[in-house]
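Structure at a glance
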Amino acid sequence: MGTKPILPLLVSMSVPSILSMLIQSLYNVVDSIFVAWLSNDALTAVSLAYPLQNLVLAVAVGFGVGINAYIARNLGEGNQYKVDQAASMGVIFTTIHAVIFILVGLFGSEPFLRMFTDDPEILQMSVNYTRIVICLSFGSLYHIFIEKLFQAVGNMVVPMILQGVGAIVNIILDPILIFGMFGLPAMGVTGAAVATVTGQMTACGLAVFCFLRTRTGIRITRKDMKIDAGIAKRIYAVGVPSGLMTAMPSLLVSILNALLVGLHALAVAAFGLYFKLQTFVYMPANGLIQGMRPIVSYNYGAGQGRRLHLVIRWSLALTAIIMALGTLIAWGVPRQIMGLFDADEAMIAVGVPMLRITSLGFLVSTLGTVMAGCFEALGKGLYSLSISLLRQLLVIPPLAMVFSLSWGLNGVWAAFPVAETLAALVAVLLYRKVMRQTDRQLQN
């Protein structure tokens, strides 16, 4: 990471991660595709579970990003003891996270879902689905933790394989368990949940096996499984803001669902589809950021400022290409995209303008996405958090409410590109400030 030419290095580390994130997107979409064939109510039930599912992902990815940045920086500094200590502590914290989500799934699912529906059938389907995917989320938590260890040492191929295996298991089991095949009973929405957690647990088991059999240069030992407050503080200083950024869509979806339910009968289901579909744009971009982040952290730790700047510039260019492609697809074939979910004309009437309007913010979001990843790699997690707060909580909800008064549903969708534009402007200002500070540190 300290000597190879930047573009080949970034591509070699990012492509497996991009493929991995695209595969991860399948987890978000495949359930909805099959469930949509059951009924619009079933699709709504799964969409209501999204905020809690995303909360699990937020905790796993947030903590993983924190430990990834800490380990990569210490590898650059040559401090192997802190690397091993942080990885060992990660096992303890991941276990704590898993226990918390078991409690959330058991006692928090139904009260949360009742806030968004009073239809007894939708509520029951959603509770059944949510309790399974939240209580049994430990497979996803451990899998992502180990995945971030591989990424911290520059190994992006193993994480791609892990994601691929989990997604394939999910795809195979979804129709079998949802509709009842090979003599198994039709489980409906519950079957989708079982397929999801089975895929996650399969990926987790494979992750443990690969870590034990692969020479990563990271050692997890029982003697190091004790909490060091200083290391924990550094990990969570990056991990908490990163996790909050990932969790913000959950809060945003919850807020907007409360608004959408009064605007159109199919708006909640359509919006649930949007958040799953947009992962096919943002997940590859985030995959590129995952490839960028350890390179930035390593070269910052090694004092190589020129390489640090080059990797950020190339990341901006490549992310812009991904975002532009996403916009072209959303504008070019929106009806075909909605058709994947067996959408009728009523759903298409809601979904097509939704995809076209929201996609206007994709390209401009390049700045906020890449610079947020840069801030995380440099240990400036609060700056990343401020950009995400602006994008998803401070701008979209109030604008959506105001715009909806004049333009209805289209006003809600219009809030998204406006928020991305404002966040991009703030990201550029913060980036200039951070780079001035970083350059002074490296020169000294």
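Up top is the structure these notes are about.
Values in this document were obtained by computation on a predicted structure and should not be read as measured data. (Residues numbered from 1 in each chain as written. Predicted model: local features only at pLDDT ≥ 70, side-chain atom pairs only at ≥ 80, totals over all residues. Heavy atoms only, no water.)

1. Regarding the overall build of the protein chain
Just so we agree on the cut-off: By definition, any uninterrupted DSSP run of H or I lasting at least four residues is a helix, any uninterrupted run of E lasting at least two residues is a strand, and each is numbered from the N terminus. Note that the radius of gyration is over C-alpha atoms, with the globule rule given as 2.2 Å times the number of residues to the power 0.38. Note on classification: 1.4 Å probe, protein chains only; a residue is buried when its accessible area is under 20% of the maximum for its type, exposed when over 50%, partly exposed between these limits.
Helices and strands together make up the secondary structure of the protein chain, namely 17 helices and 0 strands. Since a compact globule built from 444 residues should have a radius of gyration of about 22 Å, the 21 Å found for the protein chain is in line with a globular shape. Overall, the protein chain is about 60 × 50 × 35 Å in size when its C-alpha atoms are taken along their principal axes. Across the 444 residues of the protein chain, 58% fall into the buried class.

2. Concerning the side chain of Thr438
For the record, the criterion: Two residues form a contact once any of their heavy atoms are found within 4.5 Å.
Residue position: Thr438 is located in helix α17 (residues 409-443). Take Thr438: its relative accessible area is 4%, and that puts it in the buried class. Beyond its immediate sequence surroundings of up to four residues, Thr438 is in contact with Tyr300, Leu308 and Leu378.

3. Overview of the pattern of salt bridges
A side chain with one charge may pair with a side chain of the opposite charge, provided their charged atoms come close. The line we're drawing: Take a side-chain nitrogen of Lys or Arg and a carboxyl oxygen of Asp or Glu: if they are within 4 Å of each other, that pair is a salt bridge.
This structure, assessed with the given rule, holds 6 salt bridges. For the salt bridge of Glu110 with Arg131, the shortest nitrogen-to-oxygen distance reads 3.5 Å. Here Glu110, found in helix α4 (residues 109-114), pairs with Arg131, found in helix α5 (residues 120-135); they are 21 residues apart in sequence, far enough to count as distant. On the basis of relative accessible area, Arg131 is assigned to the partly exposed category, the value being 32%. A salt bridge links Lys223 to Asp224, with the shortest nitrogen-to-oxygen separation between them at 3.6 Å. For Lys223, a relative accessible area of 59% gives the class exposed.

4. A closer look at the packing of helix α12 (residues 305-332) against α17
Counted only if it meets this: Each axis is a line fitted through C-alpha atoms, and for a helix only the stretch in contact is used; angles between axes span 0 to 180 degrees, taken between their N-to-C directions. An angle below 35 degrees is read as roughly parallel, one above 145 as roughly antiparallel, one from 65 to 115 as roughly perpendicular, and any other as oblique.
Where α12 meets α17, the closest approach of the two axes is 10 Å, and the angle between their N-to-C directions is 155°. If you check the angle between α12 and α17, you find them roughly antiparallel. Only Tyr431, Met435, Thr438, Asp439 and Leu442 of α17 make contact with α12, whose side of the interface consists of Gly305, Leu308, His309 and Ile312.

5. Section: the nonpolar core
Stated formally: Nonpolar cores are built from buried Ala, Val, Leu, Ile, Met, Phe, Trp, Tyr and Cys residues. Side-chain atoms within 4.5 Å join them into one set.
The biggest cluster of nonpolar side chains holds 108 residues, and the ones touching the most others in it are Leu256, Leu260, Phe271 and Trp413. What Leu256 contacts, discounting residues up to four positions off in sequence, is Phe271, Ile396, Pro397, Ala400, Val412 and Phe416. Within the second largest apolar cluster, 23 residues are counted, among which are Phe93, Ile218, Ala232 and Ile235.

6. With respect to the environment of Gly303
Tracing the backbone through its elements, the reader meets Gly303 in the loop between α11 (279-301) and α12. Note on Gly303: relative accessible area 40%, which makes it partly exposed.

7. Side note on the environment of Gly411
One can find Gly411 in helix α17. Overall, the relative accessible area of 0% leaves Gly411 in the buried class. Sequence separation between Gly411 and Leu363 is 48 residues, and the spatial gap between their C-alpha atoms is 20 Å. Beyond its immediate chain neighbours, meaning those up to four positions away, Gly411 contacts Ala400, Phe403 and Ser404.

8. A look at the packing of helix α6 (residues 138-152) against helix α8 (residues 189-213)
Using the following cut-off: We call a crossing left-handed when the near helix sits turned anticlockwise from the far one by less than a right angle, and right-handed when that turn is clockwise. Following the grouping adopted for this structure description, the nonpolar residues are Ala, Val, Leu, Ile, Met, Phe, Trp, Tyr, Cys and Pro, the charged ones are Asp, Glu, Lys and Arg, and the polar ones are all others, Gly among them.
Interhelical geometry of α6 versus α8 gives an angle of 35° and a closest axis separation of 8 Å. With respect to the hand of their crossing, α6 and α8 are arranged in left-handed fashion. Only Gln200, Met201, Ala203, Cys204, Ala207, Val208, Cys210 and Phe211 of α8 make contact with α6, whose side of the interface consists of Phe138, Gly139, Ser140, Tyr142, His143, Ile146, Leu149 and Phe150. For the contact of α6 with α8, the residue count by class is 12 nonpolar, 4 polar and no charged.

9. Details of the packing of aromatic side chains
As a reminder of what qualifies: Classification of ring pairs rests on two measures: the distance between centres of Phe, Tyr or Trp rings, Trp counted by its six-membered ring, which must be within 6.5 Å, and the angle between planes, read as stacked under 30 degrees, edge-to-face over 60 and tilted in between.
According to the stated counting rule, one finds 15 aromatic pairs in the structure shown. With 5.6 Å between their ring centres and 90° between their planes, Tyr282 and Phe362 make a pair best called edge-to-face. Here Tyr282 is found in helix α11, whereas its partner Phe362 is found in the loop between α14 (345-358) and α15 (365-377), with 80 residues between them in sequence. One exposure class covers both Tyr282 and Phe362, and it is buried. Taken together, Phe63, Phe93, Phe145 and Tyr236 form an aromatic cluster joined through their ring pairs.

10. So, unusual backbone geometry
In this structure, Phe182 is a non-glycine residue whose phi angle is positive, near 55°. Mapped onto the elements, Phe182 comes out in the loop between α7 (157-179) and α8.

11. Points about the environment of Asp228
Where we set the bar: Polar contacts, as used here, are pairs of N or O atoms within 3.5 Å; protein pairs need one atom able to donate a hydrogen and one able to accept it. Residues neighboring in sequence count only if both atoms are side-chain atoms.
Looking at the secondary structure, you find Asp228 in the loop between α8 and α9 (229-260). C-alpha separation for the pair Asp228 and Gln85, spaced 143 residues apart in sequence, amounts to 8.5 Å. Apart from the residues lying within four places of it in its own chain, the contact partners of Asp228 are Gln85 and Met89. At a separation of 3.0 Å, a polar atom in the side chain of Asp228 contacts the main-chain amide nitrogen of Ile231.

Purely geometric stuff here, so don't read any function into it on its own.
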